[in-house]
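# Observations on the model geometry
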Amino acid sequence: MLNKLSVTLSMVLVASFSMLLSASEVKTIEWTDLMPEEDLAALQAMPEIQHDYSQPSPFDDNYNGDDPAAGQWQQILQSAKVKEEFNNTKVRIPGFIVPLEFDDQQNVTSFFLVPYFGACIHVPPPPPNQIIFVSGAKNLKADMIYSPFWISGTITTQPMSHDLANAAYSLKADSVEEYTY
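Conventions used here
Counting starts from 1 at the beginning of each chain's written sequence and moves along it residue by residue. A pLDDT threshold of at least 70 governs which residues receive local features in this predicted model, and a stricter bar of 80 or more applies before side-chain atom pairs are shown or counted, although totals over entire chains, interfaces and linings include all residues. Note: side-chain values were computed over all heavy atoms of the structure, leaving out hydrogens and water. Helix and strand assignments follow DSSP, with helices taken as H or I runs no shorter than four residues and strands as E runs no shorter than two, numbered in order from the N terminus. Remark: exposure states derive from per-residue accessible area (1.4 Å probe, protein chains only) relative to the maximum for the residue type, with buried under 20%, exposed over 50%, and partly exposed in between. By definition in these notes, contact holds between two residues if any of their heavy atoms fall within 4.5 Å. Shrake-Rupley sampling with a 1.4 Å probe provides the accessible areas, and residues are treated as covered by the protein chains on show and by no other component. Only strands that DSSP links by at least two bridges are regarded as paired with each other. Take a side-chain nitrogen of Lys or Arg and a carboxyl oxygen of Asp or Glu: if they are within 4 Å of each other, that pair is a salt bridge. In this context, the arc is that of the directions from the helix axis out to the C-beta atoms. Put simply, buried Ala, Val, Leu, Ile, Met, Phe, Trp, Tyr and Cys residues joined by side-chain atoms within 4.5 Å make one nonpolar core. Aromatic rings from Phe, Tyr and Trp, taking only the six-membered ring of Trp, are treated as a pair when their centres fall within 6.5 Å; an angle between ring planes under 30 degrees marks them as stacked, one over 60 as edge-to-face, and anything in between as tilted. Here, over-ring charges are defined by two tests on the NZ atom of lysine or the CZ atom of arginine: distance to the ring centre within 6 Å, and angle to the ring normal within 35 degrees.

### Digging into the overall build of the protein
- Of regular secondary structure, the protein possesses three helices and eight strands.
- Going from the N terminus to the C terminus, the protein shows its helices and strands as α-β-α-α-β-β-β-β-β-β-β.
- In the protein, which comprises 181 residues, the proportion classed as buried is 35%.
- Counting contacts in the protein only where the partners sit at least 6 residues apart, residues at least 24 apart contribute 67% of the total.
- Of the roughly 11700 Å² of accessible surface on the protein, a fraction of 56% belongs to carbon and sulfur atoms.

Right under this line is the structure:
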C-alpha cells in the first residue's frame, strides 16, 4: 500500500513539474503566426501592387471603385482576427518599436511592436493582428527605436486602441533585447 502511494505521489509530482516547465517555455514566433489562416491565405493571394498613379487608389479617402482586390486588401488591413491559442502564452518575437509612453527619464515604457520599420508612422499601419501593444518595458531609451528588438513575455488576445493604430494583441514584457542577426 505504501509503495502504491509512493508511486502515485511520484507520478503527480512529475506531472506537476512537467506542467510548470511547459508553462514557462518561451515559444519563438513569427508575425505570420499571429494571422488566422484565412487572413494569411487572402494576403498571399493578393495580386501584385500596381503603381499607376493615373488611376484612383483604394487608399484615397474618396475612392468609389469596385475593384474586388481593393476590397479584399481593405479587409486584410483592418483585420483584428486573432489566434486564440496564443492567449496567455509566453512568446519571443522580433520587431520594431513605436513608442507610446515614456517615464520621467525618457525611457519607453509602453509601445506598439510592429513587423517592419516605420509602421504606424506611415499610412496605412499594419492590420491590428500584426500590431502588439507592449507594456512593462524597462531601460529602453527613446533613441534606440531605430533598431529591431526581440521582445519576450506573455501575449494575450486583449485588444488596445490608440490614435496611431489598433492592436489585436497585448504583451507584458519580461525582456527586451536588441535583435542580432
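There's plenty left to go through after this.
### Structural notes on the pairing of strand 4 (residues 132-135)
- Two elements, strand 3 (residues 108-114) and strand 4, share four bridges in a ladder whose sense is antiparallel. Counted as the bridge partner of phenylalanine 112 is phenylalanine 133 from strand 4.

### Structural notes on the pattern of salt bridges
- Considering all chains together, one arrives at three salt bridges under this definition.
- Put simply, aspartate 174 and lysine 90 hold a salt bridge, and the shortest N to O gap is 2.7 Å. With aspartate 174 in strand 8 (residues 169-178) and lysine 90 in strand 2 (residues 89-102), the pair connects residues that are 84 residues apart, well separated along the chain.
- Owing to a relative accessible area of 25%, lysine 90 belongs among the partly exposed residues under this scheme.

### Notes on the pairing of strand 5 (residues 149-156)
- Of all eight residues making up strand 5, seven are buried, and the element is well covered by its neighbours.
- Sheet analysis places strand 2 next to strand 5, joined by seven bridges and oriented antiparallel. Within strand 5, the residue paired with threonine 89 across the bridge is isoleucine 155.
- Pairing of strand 5 with strand 8, which is carried by eight bridges, proceeds in the antiparallel orientation. Bridge pairing in strand 8 places isoleucine 155 opposite leucine 171.

### Observations regarding helix 2 (residues 37-44)
- Taken residue by residue, helix 2 has Asp39, Leu40 and Ala42 as its buried positions. Summarising the axial view, the buried residues of helix 2 lie within an arc of 160 degrees, below the 170-degree limit, and thus occupy one face. Exposed positions of helix 2 whose direction lies more than 90 degrees from the buried face are Glu37 and Gln44.
- On its buried face, helix 2 is in contact with helix 3 (68-77).

### A short note on the nonpolar core
- Formed by 22 residues in total, the largest nonpolar core has its most connected members in Leu34, Phe111, Leu113 and Ile132.
- Here leucine 34 is in contact with Ile29, Lys81, Lys83, Phe86, Ile93, Asn129, Gln130, Ile132, Ile155 and Tyr169, once residues within four sequence places are set aside.
- In terms of nonpolar packing, the next biggest core, distinct from the first, is built from 11 residues, Val114, Ala119, Ile131 and Phe133 among them.

### Side note on the packing of aromatic side chains
- Per the counting criterion, the structure on display carries four aromatic pairs.
- On the basis of an interplanar angle of 80 degrees and a centroid distance of 6.4 Å, the ring pair of phenylalanine 112 and phenylalanine 133 is categorised as edge-to-face. Of this pair, phenylalanine 112 sits in strand 3 while phenylalanine 133 sits in strand 4, placing them 21 residues apart in sequence.
- Classification of phenylalanine 112 as buried rests on a relative accessible area of 0%.
- Residues tryptophan 150 and tyrosine 179 carry aromatic rings whose centres are separated by 5.2 Å and whose planes lie at 25 degrees to one another, so their mutual orientation is stacked. Of this pair, tryptophan 150 sits in strand 5 while tyrosine 179 sits in the segment after strand 8, placing them 29 residues apart in sequence.
- On the accessibility criterion, tyrosine 179 (27% relative accessible area) is partly exposed.
- Among the aromatic residues, ring-to-ring pairing joins Phe96, Phe117 and Tyr146 into one connected group.
- For arginine 92, the ring lying beneath its charged end belongs to tryptophan 150, and the centroid distance is 3.8 Å.

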